[in-house]
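Here is how the chains run, residue by residue.
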There are 2 protein chains.
Amino acid sequence: MNHEFYMHAALEEARLAEAIGEVPIGAVIVHEGEIIGRGHNLRESNQDPTAHAEIIAIKQAAGQIGGWRLNHCSLYVTLEPCPMCAGAILQSRIQQVIYGTPDPKAGCAGTLMNLLDDERFNHQTEVVTNVLKEECSAILTNFFRSLRTKKKLLKQQSKQQNPTGP
Amino acid sequence: MNHEFYMHAALEEARLAEAIGEVPIGAVIVHEGEIIGRGHNLRESNQDPTAHAEIIAIKQAAGQIGGWRLNHCSLYVTLEPCPMCAGAILQSRIQQVIYGTPDPKAGCAGTLMNLLDDERFNHQTEVVTNVLKEECSAILTNFFRSLRTKKKLLKQQSKQQNPTGP
C-alpha cells in the first residue's frame, strides 16, 4: 500500500482545518484501497471536545460500511493519536494506524505509551510511524508560529491604543 | 455532593440501553448540581464504535454549556471508562469522574491503568470508585446472563428444526 499517497489525503484534510483556524490535523480511513472516511479537527468550530480528525473519520467510515467494525481498515493521521483517539481506534478494531509526526505531549501510539499494543485489551493495532513526517510536522509548526505572531501583534496594537491601560 | 443520587440517574440511562438490547451502561454529567448531559450506550443501534455513554453525555454537555471545556463538571458512569472515554474525559477537562463498578477488561481509570492521573498529560481528573457498585455490576451481569440463555435457546431450537443440519 502506498502510505505516502494516503498521507497526502490526510494532509489535505489538515489544510481544511488550518483554513478555518483549527489546529491543522487531518485523517483518512482506507478500505481496500478506497478512502471511506475523512476528518479534520473541528474542536473549536463545533465546540466539541471529541471532534478530533480521527473520531470524525471513524464515524464517517462506520456510516459508509454500515457497521462499527473497521477491522479491515487502515487509518492515516498527520499527528500521532491522543489517548481518546487511540481508544477509538481500538473500539473500531482498526487493523493498522499510520501517522505522520509523533506527539511528545499526548501521543499514545508509541511516544508517551502505546495503547494500540497492549495485550490486556481485546484488540491490537499495528503502527507505522513517520510517513511524510516533515510535511506533517511543518504544517503544525507554521500554524503555531503564525498564531504567536498574531497574538503578539494584537498585544502591541492594544498597547498603542491604550498606552496607560492595564 | 450526593454521589448516589446522580449515579441513580446514570443507572436510569443504563436501563434505557438495556431496553433496546444494548450493553447497559449509562452516564450523566453534572454542573453546579444540575444534570447537563445524559448518555447511554448506543453502539449497536447507531453502528458507531464511538457511541459510548460517556461520549454521548460529553457531547450533550458541551452543547448545553456552549463550549468544549467541562472543567467544572463531574461525570457519573455506571462502568469504569475504557481508554477512549478516559481520553475524552481528559480532552473535555472534566474535574471529577465517579464510576459504579470497575472494568477488569478495559478499565482505564485505575484498573488496567489510570489515564486520568498521568502527569504527562495536560489535565488530570479526580476519580471516585464503587458508588452503587452492586446495582451497577448487577445490571451488567444480568444482561450477559440473559444473553447467554437466549443464545442457548436459539441453538436448541435450531437443532430441533434441523436435526441433521451442520
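Residues numbered from 1 in each chain as written. Chains lettered and ligands numbered in written order. Predicted model: local features only at pLDDT ≥ 70, side-chain atom pairs only at ≥ 80, totals over all residues. Heavy atoms only, no water.

Novice: Pulling in residues and values, what's your account of the overall build of chain A?
Specialist: The helix and strand tally for chain A stands at 5 helices and 5 strands. Reading the helices (α) and strands (β) of chain A from amino to carboxyl end gives α-β-β-α-α-β-α-β-β-α. Expressed along its principal axes, the backbone C-alpha trace of chain A runs to roughly 60 × 30 × 30 Å. Expressed as a percentage of the 166 residues in chain A, the buried residues total 52%. Here the analysis covers contacts within chain A between residues at least 6 apart in sequence; of these, 58% occur between residues at least 24 apart. Summing over all exposed atoms, chain A offers an accessible surface of approximately 8,200 Å²; the carbon and sulfur share of this is 49%. Across chain A, the 16 positively charged side chains and the 18 negatively charged ones have centroids separated by 12 Å. (Helix = DSSP H or I, 4+ residues; strand = E, 2+ residues; numbered from the N terminus. Buried < 20%, exposed > 50% of the residue type's maximum accessible area, 1.4 Å probe, protein only. Contact = heavy atoms within 4.5 Å. Areas by Shrake-Rupley, 256 points an atom, 1.4 Å probe, with all protein chains shown as cover. Lys, Arg positive; Asp, Glu negative; His and termini not counted. Charge placed at Lys NZ, Arg CZ, Asp CG, Glu CD.)

Novice: Break down the interface of chain B and chain A for me, citing the residues and quoting the values.
Specialist: Between chain B and chain A, the contact holds 32 residues from the first and 32 residues from the second. A buried area of about 2,700 Å², summed over both sides, lies between chain B and chain A, and 65% of it is on carbon and sulfur atoms. The largest per-residue losses of area from chain B upon contact with chain A belong to Pro49(B), Trp68(B) and Gln91(B), which jointly make up 23% of the total buried on that side. Taken together, the links from chain B to chain A amount to 2 salt bridges. For the salt bridge of Asp48(B) with Lys59(A), the shortest nitrogen-to-oxygen distance reads 2.8 Å. (Buried area = accessible area lost by both parts, 1.4 Å probe. Salt bridge = Lys/Arg side-chain N within 4 Å of Asp/Glu carboxyl O.)

Novice: Account for the pattern of salt bridges, naming residues and giving values.
Specialist: Residue and element names in this part refer to chain A. Per the stated rule, a full pass over the model turns up 8 salt bridges over all chains. Its salt-bridge partner being Glu13, residue Arg38 comes within 3.8 Å of it at the nearest N-O pair. Of this pair, Arg38 sits in strand β2 (residues 34-40) while Glu13 sits in helix α1 (residues 3-19), and the two are 25 residues apart along the sequence. Exposure remark for Arg38: the relative accessible area of 32% places this residue in the partly exposed category. Residue classification places Glu13 among the buried residues on the basis of a relative accessible area of 7%. Between Arg120 and Asp118 there is a salt bridge, with the nearest N and O atoms lying 2.9 Å from each other.

Novice: Explain the relation of the copies chain B and chain A residue by residue, including any values.
Specialist: By a simple turn and slide, chain B fits onto chain A: the slide is 0.0 Å along the axis, the RMSD is 0.0 Å, and the turn is 180 degrees. Given the turn and translation reported, the copies of this chain are related as if by a two-fold rotation axis. Taking C-alpha positions as the reference, the residue of chain B nearest the rotation axis is Met84(B), at 2.1 Å. (Least-squares fit on C-alpha atoms with pLDDT ≥ 70 in both.)

Novice: Any chance you could break down the packing of aromatic side chains for me, citing the residues and the numbers?
Specialist: Following the criterion strictly, the structure yields 6 aromatic pairs over all chains and no others. A ring pair is formed by Phe5(A) and Tyr6(A), whose centres lie 5.0 Å apart and whose planes are at 85 degrees; its orientation type is edge-to-face. Tyr6(A) sits in the buried class, given a relative accessible area of 8%. Here the aromatic rings of Tyr6(A) and Tyr76(A) are separated by 5.3 Å at their centres, their planes lie at 40 degrees, and the arrangement is tilted. Of the two residues, Tyr6(A) sits in helix α1 while Tyr76(A) sits in strand β3 (residues 73-79), which places them 70 residues apart along the sequence. Summarising the burial analysis for this pair, Tyr6(A) and Tyr76(A) share the class buried. In this structure, Arg43(A) packs its charged tip against the face of Trp68(B), placed 3.8 Å from the ring centre. (Phe/Tyr/Trp six-rings, centres within 6.5 Å; stacked < 30°, edge-to-face > 60°. Lys NZ or Arg CZ within 6 Å of the ring centre and 35° of its normal.)

Novice: Describe the sheet that holds strand β3 (residues 73-79) of chain B, listing the residues and the values that go with them.
Specialist: The strands that make up a sheet are held in pairs by hydrogen bonds between backbone atoms, and each pair lies either parallel or antiparallel. Residue and element names in this part refer to chain B. Strand order in this open sheet of 5 strands is β2-β1-β3-β4-β5, and the pairing throughout is mixed. Strands with a single pairing partner mark the edges of an open sheet, and in this sheet they are β2 (34-40) and β5 (126-128). Taking each pair of neighbouring strands and ignoring which way they run, the sheet shows an average axis angle of 20 degrees. Each of β1 (26-31), β2 and β3 touches helix α3 (residues 53-65); the most contacted strand, β2, lies at about 145 degrees to it. (Pairing = 2+ DSSP bridges. Axes fitted to C-alpha atoms, helices over the stretch in contact; angles between N-to-C directions.)

Novice: Outline α3(B), supporting the account with residue identities and numerical values.
Specialist: Think of an α-helix as turning once every 3.6 residues; residues three or four places apart then point the same way. Residue and element names in this part refer to chain B. Under the 1.5 Å per step criterion, the end-to-end length of α3 is 18 Å for 13 residues, consistent within 8% with the ideal 18 Å. Among the residues making up α3, those that are buried are Ala53, Glu54, Ile55, Ala57, Ile58, Ala61 and Ala62. Tucked inside the fold, the buried residues of α3 contact β1, β2, β3 and α4 (83-91). Where α3 terminates, the next one or two residues include Gly66, which has phi positive at roughly 80 degrees. (Expected span 1.5 Å × (residues − 1).)

None of the figures reported here should be taken as evidence of function without further support.
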